[in-house]
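Working through the structure, step by step
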Amino acid sequence: MNRKAYTSEDFAWVNWTPEIIKQKINEAIEAKKVCYAVIKAIAPSERTFTNTVFAIESSEYEHIDAIAQVEFLMHVSPLAEVRDTAQEMVDVLQKAIVDIEYDPDMYRAMQEYAAKDDLLVGADKELFDDMMRTYKRMGFVLEPEKQQTLKDNLKEIAELATGFEKAIADHQDHIVVRKEELRGLPEAYINGLKQDEEGNYIVTLAYPDYIPFSERCDSAPRRKELIDKFNRRGGPANIERLKRILELRTENAMVLGYPNHAAFKLEDRMAKTVEMVTEFYKDLQKIVTNPAKLDLQLLAEMKKKELGDSSARLAYYDIGYYIQRDKMQGYAVDDEVTREYFPLERVLDTMFDLYASVLGLQFVRENFPAWHESVLWYRVDNANGSLVGYFSLDLFPREGKYGHAMMHPHVQGRRASRELDAPYVTPTCGVVANFNPSSGTTPSLLSHNEVQTLFHEFGHAMHSLVTTAVHMSQAGTNTARDFVEAPSQMFEYWVWEREILKKMSKHYVTSEPLPDELIDRMIRSKNHAQGYSILRQLFLGSLDMTFHTATEPIDPVAVYADLYKQMFELEPAQDQLWPAGFGHLMHYDAGYYGYLWSEVYAADMFARFRTEGVMSPTIGMEYRKKILEVGSSRDEMESVKDFLGRMPNHKAFLADMGLASHDEKGGEASE
Ligand SMILES: [Zn+2]
């Protein structure tokens, strides 16, 4: 299927004004209403897959790109009025969509079509099954009052969730420290901090300030002060929002006949049931609890020794700090030193070469309009020169910009119409990150962790662009929620391969690649405190599961504190409001387990590259075809089995974490 090349006009959306944004969203809402009215008006005898199932699937095709673009601008526009209007209109849209989609007549239309008992196969069958299940999950089998309850609750949840996320994004706080209190932090970091009139330094909660400070500042009281502020992000209002959201979610799940919200959410994931997740967690927790305890004991010993006080206890604000210290003593990998080997430009060049050769692609700079002067556009072609798609890079922090790293589509791939020879809509997407910009004579330098983040987000971008799925809802990263990270997590393994590290690194002053012994230490330090870090993942996932399997109102702050004590055997922060800043609860609800879940699959898939060549274009093309291109046009488990040629298991994952040898037999991760 041919893909159309874009010109500057196709990127006019980057300059949309608040007025245009309002108009676009209102048009999208109107168009969807019209589309649904047409579908409903069809006589039962006239129903076909195309005029019913595909018509519903494609009811937004004409406006979906505008919607994605408005959502994207909400995160990245440098203009506050654009971000605010986008936010406001996304709210309006979400509410309107709930109204439009909660239409029993649409379910009736689907039932009329279902009664025809057409023989469907492949992507069409997946689409039909998904849609029927979705309508059932929307409550159309229920009596009208119960349907109304569901609908009202969902609207309220959407509103609360937007408020929750905004409260985190807008939350600003800082501490003021004297120069001597910054001991332990590198000069470059200190020079990058803002200063007040008295020459004191201002450390904010923004990640580039917060993370190095919480891990490296020698002053425990100041660390505690900043971490305590961080642990209150979102504020008390978010705790109230969260409580209400949990209540509403539980009510909805029960109305639909599920025991709790998690059971409802997991039904259409790869995991399918709460029991599967519980088993998966139990298995892993059994293996990592002891290594995690040893990690924490070691940190506690360090603190005692350092303070010369055998009664000193490890505290929550010490963990990151001593992990970093231990790493530097034991493996002496200083993120700030490795950073000097990763100038952004070099990293990008190497990353492009790698993805290009393994996935059979080429990347070419383009000069399309952008929302900010620092943004770069690229075209992606197949090795034979045919077009694949486009992506943008927006890599430096700005006020009001999305604070983490992400990939966000602007145009999602799909076949333009039901005609078999219809053109394929060329996908475009954006990679967003917040790296240190260049300053003076120093280029933008990435920590190794940031390199990994970039590979991850870029992996999502490739997943999004190489798609060949005919239905948009099955294209690119539109996969089961607990699988969507796996393809990207697999690409992260590349940044741990010696050969690749050698190619990618170039000291910004000496031009030397990373020395071998430094690579050795990096690889060893990767598995450093891995027991603790997996336990932390299990903790966050368990917190999420506890919130979403509760059937009675709960106090999220107390649940956090209790679980923290239980799993880490440590006291949590006194006045924490930690759950108020746990943004994942909004859209990854009952889904946090997915990170580890998908890592297990990622490790298993990378094991094939490890055996047959980490940069093998043969395996790369197979990966592209069997995992990336198909998206969710077939069951994800089928795709994984197809690529692996066997059932998946967690052997490779545990071995990669240094918690088992590569030959040791592990249990089955999942059936
Ligand atoms: Zn991701």
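As the structure is a prediction and not an experimental result, all values here were calculated from the model.

Here the focus is the pattern of salt bridges. Under the criterion given, the structure shown has 59 salt bridges. Glu 181 is the partner of Arg 178 in a salt bridge, and the nearest nitrogen-oxygen pair spans 3.8 Å. Classification of Arg 178 by relative accessible area gives partly exposed; the value is 43%. Asp 520 is the partner of Arg 498 in a salt bridge, and the nearest nitrogen-oxygen pair spans 2.5 Å. Linking Arg 498 in helix α19 (residues 498-504) with Asp 520 in helix α20 (residues 516-526), this pair joins segments that are 22 residues apart in sequence.

This paragraph deals with the sheet that holds strand β5 (residues 376-382). Strand order in the open sheet formed by five strands is β4-β5-β6-β10-β7, and the pairing between neighbours is mixed. Two strands close off the open sheet at either side, each with one partner strand: β4 (361-366) and β7 (406-411). Strand-to-strand, the axes of this sheet are offset by a mean angle of 25°, without reference to chain direction. Pairing between β5 and strand β6 (residues 387-394): six bridges, direction antiparallel. Each bridged residue has a counterpart across the sheet, and for Leu 376 the counterpart in β6 is Leu 393. Here helix α17 (residues 448-465) sits on the sheet in contact with β4, β5, β6, β7 and β10 (428-432), set at roughly 170° to β10.

Where helix α24 (residues 594-612) contacts helix α26 (residues 636-644), the axes come no closer than 10 Å and their chain directions differ by 25°. It follows that α24 is roughly parallel to α26 by the angle criterion. Crossing handedness for the pair α24 and α26: left-handed. On α26, the residues that touch Tyr 601, Asp 604, Met 605, Arg 608 and Phe 609 of α24 are Met 637, Val 640, Phe 643 and Leu 644. In the contact of α24 with α26, the residues fall into seven nonpolar, no polar and two charged.

Next up on the list: the pairing of β7. For a regular strand, side-chain orientation follows a simple rule: the groups alternate between the two sheet faces. A large share of β7 lies buried, amounting to six of its six residues. Across five bridges, the pairing between β7 and β10 is antiparallel. When the sheet's bridge partners are listed, His 408 is paired in β10 with Gly 430.

Accessible area lost on assembly of the parts is the figure often given for the size of an interface. As assigned here, the protein chain comprises domain 1 (8-101 + 103-137), domain 2 (172-232) and domain 3 (344-527 + 595-656). Contact with domain 1, which involves 26 residues of that partner, is made by 38 residues of domain 3. In this assembly, domain 1 packs against domain 3 so that about 2600 Å² is buried in total across both faces, 62% of it on carbon and sulfur atoms. Residue Arg 418 is joined to Asp 124 by a salt bridge in which the shortest nitrogen-to-oxygen separation is 2.6 Å. The tally of links between domain 1 and domain 3 comes to 13 residue pairs in polar contact (both at pLDDT 80 or more). Put simply, the parts of the chain that give the side of domain 1 that touches domain 3 at least two residues each are α2 (49-57), α3 (61-76) and α6 (122-137). Among the elements that take part in the side of domain 1 that touches domain 3, α3 stands out by supplying ten residues, more than any other. Residue classes in the side of domain 1 that touches domain 3 are distributed as 14 nonpolar, six polar and six charged.

Turning our attention to the coordination of the zinc ion. The coordination sphere of the zinc ion contains the protein donors His 456 (NE2), His 460 (NE2) and Glu 485 (OE), at a distance range of 2.0 to 2.1 Å. Along the chain, the residues donating to the zinc ion are arranged with the sequence spacing H-x3-H-x24-E. In this pair, His 456 and His 460 are both assigned in helix α17, four residues apart and thus about one turn of the helix distant. Judged by relative accessible area, which is 10%, His 456 ranks as buried. Owing to a relative accessible area of 7%, His 460 belongs among the buried residues under this scheme.

One full turn of an α-helix is made of 3.6 residues, so residues set three or four places apart face in the same direction. For helix α14 (residues 319-330), which comprises twelve residues, the first-to-last C-alpha distance of 16 Å matches the rise-based estimate of 16 Å (1.5 Å per residue) to within 8%. Regarding α14, the residues found buried are Ile 319, Tyr 321, Tyr 322, Ile 323, Gln 324, Asp 326 and Lys 327.

Before going further, it helps to spend a moment on the packing of aromatic side chains. Aromatic rings in a pair are described by how distant their centres are and how their planes are angled relative to each other. Scanning the model with the defined rule gives 57 aromatic pairs in all. Centre to centre, the rings of Phe 54 and Tyr 61 are 6.0 Å apart; their planes meet at 85°, and the pair counts as edge-to-face. Residue classification places Tyr 61 among the buried residues on the basis of a relative accessible area of 7%. Aromatic side chains Phe 539 and Tyr 564 sit 5.7 Å apart centroid to centroid with 85° between the ring planes, which places their arrangement in the edge-to-face category. With a gap of 25 residues between them, Phe 539 in helix α21 (residues 530-549) and Tyr 564 in helix α22 (residues 556-568) connect regions that are remote in the sequence. With respect to class, Phe 539 is no different from Tyr 564; both count as buried. Sitting above the plane of the Phe 230 ring, Arg 233 keeps its charged end 4.1 Å from the centroid. For the cation-ring pair, Arg 481 lies above Tyr 588, with the distance from its terminal atom to the ring centre recorded as 4.9 Å.

Cut-offs used in this document
Residues numbered from 1 in each chain as written. Predicted model: local features only at pLDDT ≥ 70, side-chain atom pairs only at ≥ 80, totals over all residues. Heavy atoms only, no water. Salt bridge = Lys/Arg side-chain N within 4 Å of Asp/Glu carboxyl O. Buried < 20%, exposed > 50% of the residue type's maximum accessible area, 1.4 Å probe, protein only. Helix = DSSP H or I, 4+ residues; strand = E, 2+ residues; numbered from the N terminus. Pairing = 2+ DSSP bridges. Axes fitted to C-alpha atoms, helices over the stretch in contact; angles between N-to-C directions. Contact = heavy atoms within 4.5 Å. Parallel < 35°, antiparallel > 145°, perpendicular 65-115°, else oblique. Left-handed = near helix turned anticlockwise from the far one by under 90°. Nonpolar A, V, L, I, M, F, W, Y, C, P; charged D, E, K, R; others polar. Domains from an automatic or database assignment. Buried area = accessible area lost by both parts, 1.4 Å probe. Polar contact = N/O pair within 3.5 Å; in protein donor to acceptor, adjacent residues only side chain to side chain. Donors = N, O, S within 2.8 Å, 3.2 Å for Na, K, Ca; no water. Expected span 1.5 Å × (residues − 1). Phe/Tyr/Trp six-rings, centres within 6.5 Å; stacked < 30°, edge-to-face > 60°. Lys NZ or Arg CZ within 6 Å of the ring centre and 35° of its normal.

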